[in-house]
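Structure assessment
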Amino acid sequence: MSAIDDETVGPAHGRAQVRELIAAMTLEEKLAQLVGLWQGVDREGGAVAPLQDAMDTVEQSFADFAAHGLGQITRHYGTRPLDPQEGRATLAAKQRWLKENTRLGIPAIVHEECLTGLAAWKAATYPVPPAWGATFDPPLVERMAARIGRTMADLGIHQGLAPVLDVIRDMRWGRVEECISEDPYHVAVTGAAYVRGLQSAGIIATLKHFVGYSDSRAGRNLAPVHAGTREVRDVLEFPFEVAVRDAGARSVMNSYAEIDGVPVAASAGHLTGTLREEWGFDGTVVADYFAVAFLQTLHRVAEDGGDAAAQAITAGIDVELPTGVTYLQPLKERVEDGRLGMDIVDRALERVLRQKAELGLLDPAWSPNSAPAHAEGASADDVDTAEDRALAAAVAERSLVLLRNDGVLPLGATRPAPGRIAVIGPNAQSPSAMFGCYSFINHVLPHHPDYDTGLGVETVEAALRREFATADVVTERGTGIDDGATDGIPAAATAAADADVAVVVVGDRSGLFGRGTSGEGCDADDLELPGAQRALVEAVIATGTPTVVVLLTGRGYALGWLLDAAAAVVQAFFPGEEGAAAIAGVISGRVNPSGRMPMSLPRGAGAQPYSYLHPPLGAASSVTNIDTEPPVRYGFGLGYTRFGYEDFTVDAETADVADAVRCAVTVRNTGDREGAEVVQLYASDPVASVTRPLAQLVAFARVPLGPGESARVHFTVPTRLLAFTDRGGVRIVEPGDIGVSVRRDAGDVILEHTVRLTGEVHIVTGAEPRISTVDIS
């Protein structure tokens, strides 16, 4: 039974009460609260965390490991196939054991991955983050996250390891599929929406990976980052700042990266200086899996595990995950011999206990059996409900980007439906092709081949058969994802030649650490479609049959050749459990595509790293033979109706340097069917004291309109979005001319104005608004 009385740990306790609790704890009890425990890991199959095999130790029983208490339970549901009802019961038993068999009786925080929905067997699985970005619809992302959070809360989970707020910098990086966009404002607004949604359900959102991880050299996983201070501050940190200051994120996970030689896991400048002292963050910082030990084994800035632990906890990492490799015995020895002060341990412990208090875990009345409320007829064990399916379908439909259309699409609109459809390609009949590497299906299930997916997942072929019920659908695989096999290509070409239309479904296989063509540790050294897929597509196109290419990918590939050859191209970033139906709907015309590219399609691997946010020197130039101009720019997307713009106005030709720019534009659906336009507002700074991007997104709005309808879109853009770090390292907004423009994508200017910012140089304080406001009338 608990040795702490009700007054000490009651629901109304505060900082003083937590400190009283700390004073009553032994060193072993303190350190136990700063670690996780990961049980049930498949030690024979492939790793699901970096260098997991090198970090594995002999697994202790729960009772032995948690004898002094426990900070977190690691991936109870997400480590192996576990029925939700069984998982809830076994988790409750662990929490009861902690309450009844440890001296202090403090339950553990339970964390899980939730990047595309809860990563657990049978749980609803949504599109990957680039698909969220492609929707340009933060409110929808917030609704999705809230639904994910409710499922997690129902199962006794407290913390989700999402969202990923890394800004895409290099398309070769395997973890592009986990990122929202190449634009930091886009990442910030969408990521903040996810945080608000998840935390509305009482789940702690954990921001990943603070900071710099996506800017690794050559797009390699866990490679050094050599970004300058200005790039880190102005680009890479901005989404995290918004998620902390504006969305109130309660947890942050460190990046594995080293920035200019300093590992982030040991950087007090980032984890304490920026995060806590500048931004006011008062939640917990948790280690990415094994990141503390990596200070010794990978970065070689620590002499042993105790040194690594001391560096990390001093820098600001409060909790070691996934288990206690360094924060238990190695850290204990450092404290006992006086090399690390107890005050540093107590600082981390206070943050952890305050968070447990916020969750109600220190309330003596807390019970792991507290049943959540459910809608009438709903079951707590149903983790893939009709509501989940409807939300997954909405995100999938709004995320699909039509990259090319010569008029062949939609198939069922202006011409008779095709009599014969050839459905070709390695992803046409693959259920797993709908999902990213942090889905349970691709992350864990490959190590458990005796289990089915636990989800009803339609393939693209099956969805097309259902969508075109009267058509004769024939299928040929043609080739594999990356096996290079070409012997099936002739049969695929024959099937295409005999059809009215060919739908070729190609792209990636998402996996981990080389087991896929996309995903964590699955980096690319070129940006051609993997394997022999280009040869397959070209052979089908060569038959002369109108060819629709569907790309199920986690990154953007070099597709300039394809955009000139195919009749239509649909980009789908792993679109989740309802993705196949959404794709079939776009092909038939049931769905009018409204997605816009959250990243620029690369010219080629030699043009990477690339961002549309480049300064003048980043543009194509006569002084180099490498053309960086992307074949498809950030923000691009087609649909089945047309939109026109008119009457772009600014409220004033001048604006105070510390205020906002206010403008408005009218958008009209000039076509003959309902659709949604993504209105994009960009700013440019033609003359500044440091080089600036040629253009940067500062606001956007997704506007649904019926035929002939129009809307007036009003933007208020805080000048904070025009800030940058000056030559002295101070973040400022400079007076001078600023261009504002409405564009169809990052390079297609429709209407523009110039506004002059007036006044003295404004030093950014952090109190300024960071998000543009949008009003549609």
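As the structure is a prediction and not an experimental result, all values here were calculated from the model.

Conventions adopted
Residues numbered from 1 in each chain as written. Predicted model: local features only at pLDDT ≥ 70, side-chain atom pairs only at ≥ 80, totals over all residues. Heavy atoms only, no water. Pairing = 2+ DSSP bridges. Helix = DSSP H or I, 4+ residues; strand = E, 2+ residues; numbered from the N terminus. Axes fitted to C-alpha atoms, helices over the stretch in contact; angles between N-to-C directions. Contact = heavy atoms within 4.5 Å. Buried < 20%, exposed > 50% of the residue type's maximum accessible area, 1.4 Å probe, protein only. Core = buried A, V, L, I, M, F, W, Y, C linked by side-chain atoms within 4.5 Å. pLDDT = per-residue confidence, 0-100. Left-handed = near helix turned anticlockwise from the far one by under 90°. Nonpolar A, V, L, I, M, F, W, Y, C, P; charged D, E, K, R; others polar.

What holds strands together in a sheet is hydrogen bonding between their backbones, with the strands either parallel or antiparallel. With mixed pairing, the 6 strands of this open sheet are ordered in space as β10-β15-β14-β13-β11-β12. Of all the strands in the sheet, the pair left with one neighbour each is β10 (401–405) and β12 (472–476). Direction aside, neighbouring strands of the sheet carry axes that sit 20° apart on average. Summarising the sheet, strand β11 (residues 420–424) and strand β13 (residues 501–507) pair through 4 bridges and their orientation is parallel. Bridge pairing links V423 to V503 in β13. Against the sheet, helix α19 (residues 460–467) engages β11, β12, β13 and β14 (547–553), with an angle of about 170° to β12.

Bringing the pairing of strand β18 (residues 660–669) into the picture now. Of all 10 residues in β18, 8 are buried; the element is thus mostly enclosed. Two strands pair when backbone bridges link them, and strand β16 (residues 643–650) and β18 are joined in this way by 6 bridges, in the antiparallel orientation. Across the sheet, the residue bridging to T649 is A664, located in β18. The pairing of β18 with strand β21 (residues 710–718) spans 9 bridges and is classified as antiparallel. Within β21, the residue paired with V667 across the bridge is A711.

The side chains of a regular strand alternate, residue by residue, between the two faces of the sheet. Of all the 5 residues making up β11, 4 are buried; the element is thus mostly covered by neighbouring parts of the structure. Pairing of β11 with β12 involves 5 bridges; the strand directions are parallel. Within the sheet, the bridge partner assigned to I421 lies in β12 and is V473.

Residues Y194, Y327 and L562 are the most contacted members of the largest nonpolar core, which totals 210 residues. If you tally residues by element for this core, the top one is helix α9 (residues 184–200), at 8 residues. If we skip the residues at most four places from it in the chain, Y194 touches C114, W132, V141, M144, A145, I148, A162 and P163. If you look at the next biggest cluster of nonpolar residues, it comprises 43 residues, including A396, L411, F435 and I587.

Turning our attention to the confidence of the model for the chain. Of all residues in the chain, 95% attain a pLDDT of 70 or more, and the chain-wide mean is 94. A low-confidence stretch, residues 1–13 stays under pLDDT 50, and its non-local contacts, those more than four residues away or across chains, total 30 contacts. In the model, residues 373–378 has pLDDT below 50 throughout and makes 3 contacts with residues more than four positions away in sequence or in other chains.

Before going further, it helps to examine the packing of helix α20 (residues 489–497) against helix α21 (residues 533–542). Where α20 contacts α21, the two axes come as close as 8 Å, and the packing angle between them is 30°. When the axes of α20 and α21 are compared, the crossing they make is right-handed. When α20 is examined against α21, the residues I489, A492, A493 and A496 are found in contact with a partner set consisting of A535, L536, A539 and V540. By residue class, the composition of the contact of α20 with α21 is 8 nonpolar, no polar and no charged.

Let us now look at the environment of G78. If you trace the backbone, G78 turns up in the loop between β2 (72–74) and α6 (84–101). Separated by 37 residues in the primary sequence, G78 and V41 place their C-alpha atoms 9.8 Å from one another. Once you skip the residues sitting within four places of it in the chain, G78 turns out to touch E112, A119, F440 and V444.

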